[in-house]
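Overview (structure and organization)
Here is how the chains run, residue by residue.
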Amino acid sequence: MRIWRWLTFAAASLALLLAVRPAPAATAEDAVHIKSHVSYDVRPGQEPVHVAWDVTFENNDPQTTAEGEDTVFFYENLTIPVLRGASAVSATSSSGQPLAVSLGEPGRSATVSAYVSFDRAVFYGESYSFSLSYELAEVRAPSLLVTPSYVYLPVIAGGDESTVTVSSPASNGWNVTLEASQCAQNGTTFTCSGADAAFLAAVLEVSKPDATASLAFDVPVGPKNISVTMSYFQGESGVAEHMKDLVTTGLPLIQELYGFPYPGPTKLRVAQGGQQAVLGYEGITSCGQAANCSVIVSPAADDITVLHELAHLWSGIYGKRWLSEGFAQLIAEETARALPAGLVASQPPEKEPSPTDLRLDEWGNVASLIGANESALNVENAGYDRSLRFVHLLEAELGGEALRQVNAALAASGTSADSKRYLDLIEKLGGKRVDDLFAKWVFPSSIQPVLAKRRLAQERLQELIGRAADKSLSTDVPDDIRANIDAWRFDNAIAATDKAESDFAGYEELKQALSDLTSDAEAQGLSLSPSISDAIQNWEFDKGRRMLADAVLAVDAYASSREQVDARRGLWKRLGLVGADPNNDLTHASEAFARGDFRESLNHANQAGAKAQAASGMAFRKLLGLALVSAVCAGGIGTAIWTSRKRENPFSPV
């Protein structure tokens with residue numbers, strides 16, 4: 001989408017000039033007063049556009065007083081801005097005397113200079129009136145188009161006081177739009193005032209929307225074949241063929257310059273349309289339906305605009321308007337330079353940089369410019385101007401290849417980028433910091449503290465990554481910090497970095513303790529589980545310390561118990577350990593230690609030691625138990641004998 005060219009006319013292209021012989025010292029603005037009435041009669045399909053100027057020139061310059069036969073200053077001609085393509089240009093004085101008129105060389109604006117020579121010198125206190133008229137038929141120029149079915153016409157006026165009238169066809173079958181610009185509007189009449197000024201009084205568009213024709217063609221773009229349907233105003237078949245050439249050769253180049261494949265559907269509509277269809281812009285591109293995209297351009301648009309709108313078929317990767325518009329224009333200009341010589345026939349007029357200091361992130365969404373006020377138009381001009389200038393800055397700073405890499409990365413991600421994400425990607429892939437440029441051109445000034453935190457968080461993360469790499473630590477913690485930075489949660493990132501750096505304070509001591517533990521464990525024939533090392537490598541330093549403490553206790557207990565279990569014992573203690581093998585507990589302790597269950601290992605080791613220490617007691621208890629069993633057995637035998645004897649003598653007293 002691009003703004004109408006008439007909004008960017010350079011003031012110099014509309015200057016109303018005076019010529020003198022020789023030039024007086026007083027300025028023309030102070031010395032003369034010019035009144036004009038300008039009429040525009042537009043009847044497309046019936047007759048050429050007719051433009052008539054009636055001008056009255058009043059000389060108030062005392063330095064041009066006639067002084068006998070001596071050489072004096074006087075005015076003898078006037079320059080009038082006429083529209084390009086003017087024919088049948090003529091001028092007459094108020095007395096009906098034909099006046100000489102010559103046209104200047106056309107530039108890149110919609111106007112040329114018509115030099116009107118007076119038939120007499122005009123001195124101080126005198127006035128001079130003349131008329132100038134011309135016609136426009138089948139004219140195509142920057143911001144100017146006259147055809148039988150479509151007219152786009154800048155309405156130009158000039159003088160200290162000027163009245164403009166516009167006549168156009170009745171509304172039946174025609175769409176007529178008459179938009180005021182620099183002059184007050186009352187219906188089809190405009191009044192303007194200023195010091196010897198020229199004005200863009202209004203813009204007139206007259207179209208016949210049902211007077212259209214169409215053609216169809218295919219364009220291969222990478223693996224896709226795009227079916228294009230083109231509609232255009234009747235009488236524009238030559239222009240339609242030219243547009244077909246632009247589309248056919250331009251789309252593959254646009255794909256190459258963006259750096260990723262055409263993402264749109266295989267059906268594309270390209271059409272000419274009036275201001276209502278393009279919301280007051282030069283063109284508009286939309287892909288509202290998955291199966292179809294539409295590109296509509298003004299018949300008065302130049303070739304760069306056509307390429308700009310085609311470039312918007314790739315704009316879905318951008319979530320900000322400045323990115324979409326800036327890159328569409330950059331790609332359009334680069335495509336134009338890469339196309340075969342002579343294919344791009346029309347170029348946009350030159351324009352001055354916008355004086356509006358617009359931060360690009362504050363550029364609003366697309367809205368209809370029909371009837372928009374001057375403030376809104378200034379913002380639109382600034383948005384288009386500054387977005388392109390900024391993209392050019394990025395290209396100069398980082399190179400076109402970096403921009404294409406970012407585009408490809410965005411396309412692969414499937415999500416559109418806002419300014420923050422684009423900044424992150426362009427710095428990552430371009431290898432340079434450009435946050436200062438974004439601070440100046442893109443973000444509001446209030447974001448400066450945030451950008452300072454962003455830079456601090458990024459720099460500290462890089463230092464942390466270096467330290468982690470030296471220690472062969474995992475990337476888990478840096479990755480979490482990076483995720484916060486990518487989400488622009490810089491306070492969280494800085495806090496996480498603080499903690500990680502604090503954890504590093506005891507890292508060497510922890511690693512030494514682990515090394516000592518490994519040696520002690522190996523000395524006892526224990527195999528150390530990698531769980532402690534894994535915890536440290538994964539930044540779980542507190543967990544590693546707890547596990548290390550448990551493991552040290554387990555090794556000490558195992559060593560102590562092993563010493564007690566392996567000690568020489570007499571028969572008495574060996575008797576105590578019969579059936580209570582402490583070596584079995586030590587085996588369980590070793591197995592638990594190897595799998596990282598250090599508390600379980602400690603318990604088994606302690607059980608083994610306890611059994612070894614209690615060998616004498618266990619022997620005594622076993623002997624006591626044996627005596628008790630023997631006594632019970634003896635008592636049982638005695639009772640059985642006594643009972644047996646009792647049965648043998650039944651008469652013995654009980």
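Residues numbered from 1 in each chain as written. Predicted model: local features only at pLDDT ≥ 70, side-chain atom pairs only at ≥ 80, totals over all residues. Heavy atoms only, no water.

**A few points about the overall build of the protein chain**
In terms of regular secondary structure, the protein chain is built from 19 helices and 21 strands. Counting the 654 residues in the protein chain, one finds 46% classified as buried. Expressed as a percentage of contacts within the protein chain between residues at least 6 apart in sequence, the contacts between residues at least 24 apart total 73%. A total of about 30600 Å² of accessible surface is found on the protein chain, and carbon and sulfur atoms cover 51% of it. (Helix = DSSP H or I, 4+ residues; strand = E, 2+ residues; numbered from the N terminus. Buried < 20%, exposed > 50% of the residue type's maximum accessible area, 1.4 Å probe, protein only. Contact = heavy atoms within 4.5 Å. Areas by Shrake-Rupley, 256 points an atom, 1.4 Å probe, with all protein chains shown as cover.)

**Section: the pattern of salt bridges**
Two side chains of opposite charge can pair, provided their charged atoms sit close to one another. If you walk through the whole model with that rule in mind, you get 21 salt bridges. A salt bridge links Asp41 to Arg43; the shortest N-O distance between them is 3.1 Å. For Asp41, a relative accessible area of 25% puts it in the partly exposed group. For Arg43, a relative accessible area of 25% puts it in the partly exposed group. Between Arg433 and Asp435 there is a salt bridge, and its shortest N-O distance comes to 3.7 Å. Linked by salt bridges that have partners in common, Asp424, Glu427, Arg433, Asp435, Arg454 and Arg455 make up one network. (Salt bridge = Lys/Arg side-chain N within 4 Å of Asp/Glu carboxyl O.)

**Here's the deal with the confidence of the model for the protein chain**
The pLDDT averaged across the protein chain works out to 84; a share of 83% of its residues lies at or above 70. In the model, residues 614-623 has pLDDT below 50 throughout and makes 19 contacts with residues more than four positions away in sequence or in other chains. (pLDDT = per-residue confidence, 0-100.)

**Considerations on the environment of Gly364**
Its place among the elements puts Gly364 in the loop between α5 (321-338) and α6 (374-398). For Gly364, a relative accessible area of 35% translates into the label partly exposed. Along the backbone, Gly364 and Glu380 are 16 residues apart, and their C-alpha atoms lie at a distance of 8.7 Å.

**Considerations on unusual backbone geometry**
You will see that Ser472, though not glycine, has its phi angle at about 60°, which is positive. For Ser472, the location among the structural elements is in the loop between α10 (448-470) and α11 (476-486). You will see that Trp488, though not glycine, has its phi angle at about 60°, which is positive. The topology assignment puts Trp488 in the loop between α11 and α12 (490-503).

**Digging into the pairing of strand β18 (residues 224-233)**
Note: strand β17 (residues 212-221) against β18, 10 bridges, orientation antiparallel. Paired with Pro220 across the bridge in β18 is Asn225. Hairpin connection from β17 to β18: two residues lie between these consecutive antiparallel strands, with Gly222 at a positive phi of about 65°. Crossover handedness for the path β18 to helix α2 (residues 237-258) to strand β19 (residues 267-272): left-handed. (Pairing = 2+ DSSP bridges. Right-handed = clockwise from strand over helix to strand, strands pointing away.)

**Observations regarding α5**
With 18 residues, α5 should cover 26 Å at 1.5 Å per step; its first-to-last C-alpha distance of 26 Å lies within 8% of that length. The element α5 is largely enclosed, with a buried count of 16 among its 18 residues. (Expected span 1.5 Å × (residues − 1).)

**Remarks on the nonpolar core**
Within the largest apolar cluster, 112 residues are counted, with the highest numbers of intra-cluster contacts made by Leu251, Tyr258, Tyr422 and Phe438. No other element matches α2, which puts 10 residues into this core. Counting 51 residues, the second largest nonpolar core, distinct from the first, contains Val116, Val151, Trp174 and Leu204. (Core = buried A, V, L, I, M, F, W, Y, C linked by side-chain atoms within 4.5 Å.)

**Brief notes about the pairing of strand β21 (residues 292-297)**
With respect to burial, β21 is a largely interior element, five of its six residues being buried. Direction of pairing for β19 relative to β21: parallel, over a ladder of five bridges. Considered in β21, the bridge of Val270 is made with Val295.

**Describing the state of the cysteines**
For the structure on display, the rule yields two disulfides. Each disulfide pairs two cysteine sulfurs, and for Cys183 the partner residue is Cys192, the sulfurs being separated by 1.9 Å. Taking the torsion about the sulfur-sulfur bond, which here is approximately 110°, the covalent link between Cys183 and Cys192 counts as right-handed. Residue Cys183 shares its accessibility class with Cys192, and that shared class is buried. What connects to what in the protein chain, once the bonded cysteines are numbered by sequence position, is 1-2, 3-4. (Disulfide = S-S within 2.5 Å.)

**Some words on helix α7 (residues 400-413)**
Over its 14 residues, α7 runs 20 Å from end to end, which matches the ideal 20 Å to within 8%, given 1.5 Å per residue. Residues of α7 that are buried include every one of Gly400, Ala402, Leu403, Val406, Asn407 and Leu410, and no others. One side of α7 carries all its buried residues, which in axial view fall inside an arc of 165°. Elements that come into contact with the buried residues of α7 comprise α2, α5, α6 and α8 (419-430). (Arc of directions from axis to C-beta.)

**Observations concerning the packing of α5 against α6**
As a packed pair, α5 and α6 sit with axes 8 Å apart at the nearest point and diverge in direction by 65°. By the angle between their directions, the pair α5 and α6 is classed as roughly perpendicular. As α5 runs across α6, the sense of the crossing is right-handed. Where α5 approaches α6, its residues Arg321, Trp322, Glu325, Gly326, Phe327, Gln329, Leu330, Glu333 and Glu334 are matched on the opposing element by Glu380, Tyr384, Ser387, Leu388, Phe390, Val391, His392 and Glu395. Tallied by class, residues from the contact of α5 with α6 come to seven nonpolar, four polar and six charged. (Axes fitted to C-alpha atoms, helices over the stretch in contact; angles between N-to-C directions. Parallel < 35°, antiparallel > 145°, perpendicular 65-115°, else oblique. Left-handed = near helix turned anticlockwise from the far one by under 90°. Nonpolar A, V, L, I, M, F, W, Y, C, P; charged D, E, K, R; others polar.)

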